[in-house]
Amino acid sequence: DVAGFKDPDTTPAQICAGFVDVLRRVVRDPQLRRVFDIATHKVEYVGEMDAVRQRHVEWRNECVADMERALKRAKRGGALPPGVAPHGAALGLLALFDGLLMSWMLEGGGGFDLARAGAQVFDIYLAGLAHAGARAAAT
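Keep in mind that what you see is a predicted model, and the values were worked out from it rather than measured.

Undergrad: Explain the nonpolar core to me, please; I cannot follow it from the model alone.
TA: Nonpolar side chains tend toward joint burial in soluble globular proteins. With 28 residues, the main nonpolar core has Met67, Leu93 and Phe122 as its most contacted residues. Ranked by residue count, the leading element in this core is helix 4 (residues 86–106), at nine residues.

The structure is reproduced here in structure tokens:
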């Protein structure tokens, strides 16, 4: 559980911090960077590689389910606004992570500061969740 999604006390901010931590590790660890690069840019999921695609899909679904459970707990505890759908929020978090990582790797890892940009983007996302939750609660 890389980002701490299974901890019963996980807050949305901690989920985001977990993603930023993974981004930092990708920048620092050439082997981890190669794994992500191969998985995102160099694999054609045909023939015998379909099993790899299936494992990737299973991991993604597990990750989203873990985040959704964490966000539901956060919502019950008041750390996530009532108007925010945990499943949609979880998909958004994963999309942000994937998009940041893929964009950074597409530029060879030098186009922008991945960890700093990740921290900024996740902070903006959390602020957006709070705003959307307040707006939904007002209607």
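Undergrad: Please clarify how the environment of Ala115 should be interpreted in this entry.
TA: The topology assignment puts Ala115 in helix 5 (residues 114–138). Judged by its relative accessible area of 12%, Ala115 is buried. In this structure, the C-alpha to C-alpha distance between Ala115 and Phe19, residues 96 residues apart in sequence, is 9.2 Å. When near neighbours in sequence (up to four residues on either side) are disregarded, Ala115 contacts Val20 and Arg24.

Undergrad: In this structure, what is going on with the packing of helix 1 (residues 12–28) against helix 3 (residues 50–76)? I would like to understand it.
TA: Interhelical geometry of helix 1 versus helix 3 gives an angle of 150° and a closest axis separation of 9 Å. Taken together, the axis directions place helix 1 and helix 3 in an arrangement best described as roughly antiparallel. On helix 3, the residues touching Pro12, Ile15 and Phe19 of helix 1 are Met67, Ala70, Leu71 and Ala74. Residues of the contact of helix 1 with helix 3, tallied by class, amount to seven nonpolar, no polar and no charged.

Undergrad: Which parts of the structure should I look at to understand helix 3?
TA: One turn of the α-helix equals 3.6 residues, which is why residues spaced by three or four share an orientation. Compared with an ideal rise of 1.5 Å per residue, which puts 27 residues at 39 Å, helix 3 spans 39 Å between its outermost C-alpha atoms and is within 8% of the ideal. Considered for burial, the residues of helix 3 that qualify are Cys63, Val64, Asp66, Met67, Glu68, Ala70, Leu71 and Ala74. Buried positions along helix 3 lie against helix 1 and helix 4. Within two residues after helix 3, Gly78 carries a phi angle of roughly 85°, on the positive side.

Undergrad: Sorry, what's going on with the environment of Arg53 here?
TA: Along the polypeptide, Arg53 turns up in helix 3. A relative accessible area of 30% places Arg53 in the partly exposed class. Spatially, the C-alpha atoms of Arg53 and Ala39 are 9.1 Å apart, while their sequence positions differ by 14 residues.

Cut-offs applied
- Counting restarts for each chain, with residues numbered from 1 along the sequence as it is written.
- For this predicted model, a pLDDT threshold of at least 70 governs which residues receive local features, and a threshold of 80 or more governs which side-chain atom pairs are given and counted, while totals over whole chains, interfaces and linings are taken from all residues.
- Side-chain measures were taken over the full set of non-hydrogen atoms in the model, leaving aside hydrogen atoms and water.
- Here, nonpolar core refers to any group of buried Ala, Val, Leu, Ile, Met, Phe, Trp, Tyr and Cys residues whose side-chain atoms link them within 4.5 Å.
- Note on exposure labels: buried denotes an accessible area under 20% of the residue type's maximum, exposed denotes more than 50%, and partly exposed covers the range between, all computed with a 1.4 Å probe on protein chains only.
- Helix and strand labels come from DSSP, where a helix needs a run of H or I of at least four residues and a strand needs a run of E of at least two; each type is numbered from the N terminus.
- Only heavy atoms enter the contact rule, under which two residues are in contact if any of them lie within 4.5 Å.
- Fitted lines through C-alpha atoms serve as axes, helices being fitted only where they are in contact, and the angles separating the N-to-C directions of these axes extend from 0 to 180 degrees.
- For this classification, under 35 degrees means roughly parallel, over 145 means roughly antiparallel, 65 to 115 means roughly perpendicular, and everything else is oblique.
- Each residue is assigned to one of three groups, with Ala, Val, Leu, Ile, Met, Phe, Trp, Tyr, Cys and Pro labelled nonpolar, Asp, Glu, Lys and Arg labelled charged, and all others, Gly among them, labelled polar.
- Take the number of residues in a helix, subtract one, and multiply by 1.5 Å to get its expected span.

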